[in-house]
Amino acid sequence: AVVSTQSTGRHLWKGVGLALGFATLGSGIFAYYGIYKTHLWWMKFWSNFDHEARRERIAENEEVFFQKWEYFWRTGKWVGNGYIIPPALPEGTALAAHPRLIRKD
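Given the structure is predicted, the values throughout are model-derived calculations rather than measurements.

Thoughts on the overall build of the protein chain
Within the protein chain, the regular secondary structure consists of two helices and zero strands. For the protein chain, whose C-alpha radius of gyration is 30 Å, the value lies well above the compact-globule estimate of 13 Å for 105 residues. A principal-axis box enclosing the C-alpha atoms of the protein chain has dimensions of 95 × 35 × 25 Å. Across the 105 residues in the protein chain, those meeting the buried criterion constitute 9%. Considering only contacts within the protein chain whose residues lie at least 6 apart along the sequence, 35% involve residues at least 24 apart. In the protein chain, 13 side chains carry a positive charge and 9 a negative one; their mean positions are 18 Å apart.

And the structure:
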C-alpha cells in the first residue's frame, strides 16, 4: 500500500498549526489572568499597608523580639508569640550584635 506523502504532510502542518494556535491562546489567557490580574491584585494588597504605623510597631517590639530570639538560640525554647519577655539569660552571657530593622539614633 502506497501512502501519499502529500496528505501526511498536510495533516502534520494542520496539527502544528493547531498546536501553535492553542499554545498562543493558552499563553494569552495565562498572561492576562496569571500575570496581569494577579500583579494588580498584589499591588492593591501591598499598597493598603500603613507603612509608618508598621514601622512604629516594629520599633516598639524589636527589642523584645531580639531578646526572645537570643533566648531561643541559647536554650532551644521559644517563649511564645506576641509581646512576651523571655526570662533573663545568665549574667555574663555574650549577646549577639544583630543588625536591627529600625535604626536607633
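Next comes the rest of the description.
Some points on the side chain of Glu62
The topology assignment puts Glu62 in helix α2 (residues 51–75). The buried charged residue Glu62 lacks any salt bridge, with Arg100 as its nearest oppositely charged partner at 5.0 Å. Among the polar contacts listed, one links the side chain of Glu62 to the backbone nitrogen of Leu101, at a separation of 2.5 Å. Those residues within four positions of Glu62 in sequence are excluded, and the remaining contacts are Arg100, Leu101 and Ile102.

A few points about the pattern of salt bridges
All chains considered together, the criterion is met by two salt bridges. Taking the shortest distance from any N to any O, the salt bridge between Arg100 and Glu63 comes out at 3.3 Å. Pair noted here: Arg100 is in the segment after α2 and Glu63 is in helix α2, with a separation of 37 residues, a long-range link. Note that Arg74 and Glu70 form a salt bridge whose closest N and O atoms lie 3.0 Å from each other. One end of the pair is Arg74 and the other is Glu70, both in helix α2 and four residues apart, which spans about a single turn. For Arg74, a relative accessible area of 41% puts it in the partly exposed group. Judged by its relative accessible area of 6%, Glu70 is buried.

Cut-offs used in this document
Residues numbered from 1 in each chain as written. Predicted model: local features only at pLDDT ≥ 70, side-chain atom pairs only at ≥ 80, totals over all residues. Heavy atoms only, no water. Helix = DSSP H or I, 4+ residues; strand = E, 2+ residues; numbered from the N terminus. Rg over C-alpha atoms; globule rule 2.2 N^0.38 Å. Buried < 20%, exposed > 50% of the residue type's maximum accessible area, 1.4 Å probe, protein only. Contact = heavy atoms within 4.5 Å. Lys, Arg positive; Asp, Glu negative; His and termini not counted. Charge placed at Lys NZ, Arg CZ, Asp CG, Glu CD. Salt bridge = Lys/Arg side-chain N within 4 Å of Asp/Glu carboxyl O. Polar contact = N/O pair within 3.5 Å; in protein donor to acceptor, adjacent residues only side chain to side chain.

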